[in-house]
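Take a look at the letters that make up each chain.
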Amino acid sequence: MASEKDIRHFVKHNMPRPENGTAFMEEYRRSIDLLPVPSSMSCRSPEDIDSSIAALKKAAGTLKKRSRITAVAVTLVSIAVLLWIAAAIGSLHHDLLTRAGAFISSHRFFIIVTFAAVVTALSMIAAKKSTSGI
Amino acid sequence: MTREQFIELVAQEQKPLRRFLCALCGGDSSMADDLAQEALLKAYLSFGKFEGRSRFSTWLFRIAYNCFCDSRKAAGKCPTEPITFAEEQRADSTADASSRFSHQDLYLAMERLSEAEKAVTLLFYMEDKSIRDIEAITGIPSGTVRSHLSRARQHLRKYMEETKYGI
């Protein structure tokens, strides 16, 4: 009766012996050359990935800060221009300011509603523009 | 691990993997090589999922065995269904000329085993895998692996007694 060792010997003696290992590996190499390198093999350590995330966060912060400064500067300039125009009109037509004051106090409700509607519309347009690129 | 290191590891493992698939495919070395290429490409793309809980070779064999089972299912054959002698001969006739008549004894000895039994036997006797590794590769519980091996052993003994290998 064949022993365990005999069976193993029989299988090993009759097992197929694949040839052309070099050609097989060349074909394999050609195939994976056509594929993207998986992220797990991109040679990037966890420290590298963390530093890249930190750099991205820093860049995003700088951009936000720059946008905020620009927005404040534009607001200040527009207020200054508005005040300058008002002062110029006031110096030329003194009674115009009095009439404008009376008009504002009598129609203040409509002015506030119009102002709120314009601000809301502008903010909605801005929000739509900022999310359209995502 | 870099891409080059991965290719180096694969180069070390390709021979036993192709041998196992070739024996499973009844000596059809071109089909076995196609399956091996498919399995190794899958391994390359999903290397991130390799957790290192088993050996790299075990992981590759598992992918290769799954590719083989998928190909059998696609061909409309259940992997647990035994291969008949006629089917075995038909499979051999599709093999390339160099491998058609080589190692016939091994294929004939295992002709009446189911594919699962064949896989377990080849992994145990040909690739020297442990029961635990075979369980990881095939997904068959260790108790079933042992019973498959016991049945295969009986068949191989009987075959060896009836042929020139009789002791």
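Residues numbered from 1 in each chain as written. Chains lettered and ligands numbered in written order. Predicted model: local features only at pLDDT ≥ 70, side-chain atom pairs only at ≥ 80, totals over all residues. Heavy atoms only, no water.

Colleague: It is not clear to me how the overall build of chain B should be interpreted in this structure. Could you clarify?
Modeller: Secondary structure summary: chain B contains nine helices and zero strands in total. Counting helices and strands in the order they occur from the N terminus, chain B gives α-α-α-α-α-α-α-α-α. Considering chain B as a whole, with its 167 residues, one finds that 54% of them fall into the buried category. Counting only contacts in chain B whose residues sit at least 6 apart along the sequence, the fraction spanning at least 24 positions is 69%. Carbon together with sulfur atoms contributes 51% to the accessible area of chain B, which is approximately 7,800 Å² in total. (Helix = DSSP H or I, 4+ residues; strand = E, 2+ residues; numbered from the N terminus. Buried < 20%, exposed > 50% of the residue type's maximum accessible area, 1.4 Å probe, protein only. Contact = heavy atoms within 4.5 Å. Areas by Shrake-Rupley, 256 points an atom, 1.4 Å probe, with all protein chains shown as cover.)

Colleague: Looking at this model, I keep getting lost on the packing of aromatic side chains. Mind explaining?
Modeller: Think of a pair of aromatic rings as described by two things: how far the centres are apart, and how the planes are tilted against each other in angle. All names here are of chain B. Inspection of the entire model under this criterion finds 14 aromatic pairs over all chains. Ring geometry for Phe6 and Tyr44: centres 5.8 Å apart, planes at 55°, overall tilted. One end of the pair, Phe6, is in helix H1 (residues 3-24); the other, Tyr44, is in helix H2 (residues 29-45), with 38 residues separating them in the sequence. Here the two residues Phe6 and Tyr44 agree in accessibility, since each one is buried. (Phe/Tyr/Trp six-rings, centres within 6.5 Å; stacked < 30°, edge-to-face > 60°.)

Colleague: Help me understand the nonpolar core in this model?
Modeller: Taken as a class, soluble globular proteins show a tendency for nonpolar side chains to be buried jointly. Counting residues in each nonpolar core, the largest one holds 62 residues, and the members touching the most others are B:Phe6, B:Phe20 and B:Tyr65. Top element by residues in this core is helix H3 (residues 56-74) of chain B. It accounts for ten residues. (Core = buried A, V, L, I, M, F, W, Y, C linked by side-chain atoms within 4.5 Å.)

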